[in-house]
Amino acid sequence: MSNSLKIDFVSDVSCPWCVVGLYGLTKALDLLGDEVQAEIRFQPFELNPNMGPDGQNITEHITEKYGSTPEQSQKNREMIRARGAEVGFAFRTDGSSRIYNTFDAHRLLYWAGLEGLQFNLKEALFKAYFTDGGNPSDPQQLAQIAESVGLDRQRAEAILASDEYAKEVHEEEQLWLSRGVSSVPTVVFNGQYAVTGGQPVETFVGAIRQIMSEAKGGTVS
């Protein structure tokens, strides 16, 4: 019986719950060990596709977008920080952090997928933004992050200076929107089972065992 599992992880690099969800998922896969051979592919989703090049203050942005008060934003950040700590990720964003456009980061991730380094780049982008306070729309920072995971810096710079992979990223974004993905993270297993949100490790373990059992024609009690 096959124990292979194809995982499409639909997310944005400036989405904190996507970090929590990814680390929950990878820890679940570690726990499952040989029960499953997973292949993760990151799919693009932009939370703020119309964000300008200078970005926007995070508190201002969340107030405008969701109507949250600064106090609610602060509480939410504290909750995310605690969830990150549980899975070993350090969130250091605060009320003066900024939200940026992430389209170029998604173009680099598409290229990194062709080079077999997509997971490495995704992790590095999360850390650069949430832990180090970086700007994921800045071409110099993006080229440096790409180089740090073993990608060719000059090639990264050439991609960022052109519109290479823009069409592919737009097509992937539209595909997932057309499949009903409206919030991230959305984690799709074998193209048919979806788990949404920054779920804890045990939720992913349970979901994956259920999916693998159904794929093999068994049942899980």
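What this report covers is the structure whose coordinates are included nearby. No experiment lies behind these values; they were computed from the predicted model shown.

Scanning all chains against the criterion turns up one cavity of 30 Å³ or more. Here the largest cavity is characterised by a volume of approximately 60 Å³. With four residues, strand β2 (residues 37-44) is the single largest residue contributor to the lining of the largest cavity. When the residues that make up the lining of the largest cavity are grouped by side-chain class, the tally is five nonpolar, three polar and three charged.

Before going further, it helps to examine the state of the cysteines. For the structure on display, the rule yields one disulfide. Covalent S-S linkage joins cysteine 15 and cysteine 18, the inter-sulfur distance amounting to 2.4 Å. Disulfide cysteine 15-cysteine 18: the torsion about the S-S bond is 90°, which places it as right-handed. Using a relative accessible area of 3% as the deciding quantity, one classes cysteine 15 as buried.

Attention now moves to the packing of aromatic side chains. In this structure the tally under the stated criterion is nine aromatic pairs. Look at phenylalanine 9 and phenylalanine 42: their rings are 5.6 Å apart centre to centre, the planes differ by 75°, and that puts the pair in the edge-to-face class. Placement of the pair is phenylalanine 9 in strand β1 (residues 4-11) and phenylalanine 42 in strand β2, with a sequence separation of 33 residues. Each of the two residues, phenylalanine 9 as well as phenylalanine 42, counts as buried. With a centroid separation of 5.5 Å and an interplanar angle of 50°, the aromatic rings of tyrosine 23 and phenylalanine 89 are classed as tilted. On the criterion of sequence distance, the pair formed by tyrosine 23 in helix α1 (residues 16-32) and phenylalanine 89 in the loop between α3 (70-86) and β4 (98-99) is long-range, its members being 66 residues apart. For phenylalanine 89, a relative accessible area of 7% puts it in the buried group. Feature note: the residues Tyr23, Phe89, Phe91, Tyr100, Phe126, Tyr129 and Phe130 constitute an aromatic cluster, connected by ring pairs.

Reading the values: rules and limits
- Residues numbered from 1 in each chain as written.
- Predicted model: local features only at pLDDT ≥ 70, side-chain atom pairs only at ≥ 80, totals over all residues.
- Heavy atoms only, no water.
- 1 Å grid on protein atoms, 1.4 Å probe; cavity = no way out; pocket = protein on both sides within 12 Å on 5 of 7 lines; lining within 4 Å.
- Points joined across faces, edges and corners; volume = space filled by probe spheres on them.
- Helix = DSSP H or I, 4+ residues; strand = E, 2+ residues; numbered from the N terminus.
- Nonpolar A, V, L, I, M, F, W, Y, C, P; charged D, E, K, R; others polar.
- Disulfide = S-S within 2.5 Å.
- Buried < 20%, exposed > 50% of the residue type's maximum accessible area, 1.4 Å probe, protein only.
- Phe/Tyr/Trp six-rings, centres within 6.5 Å; stacked < 30°, edge-to-face > 60°.

Honestly, it's all geometry; don't read function into it.
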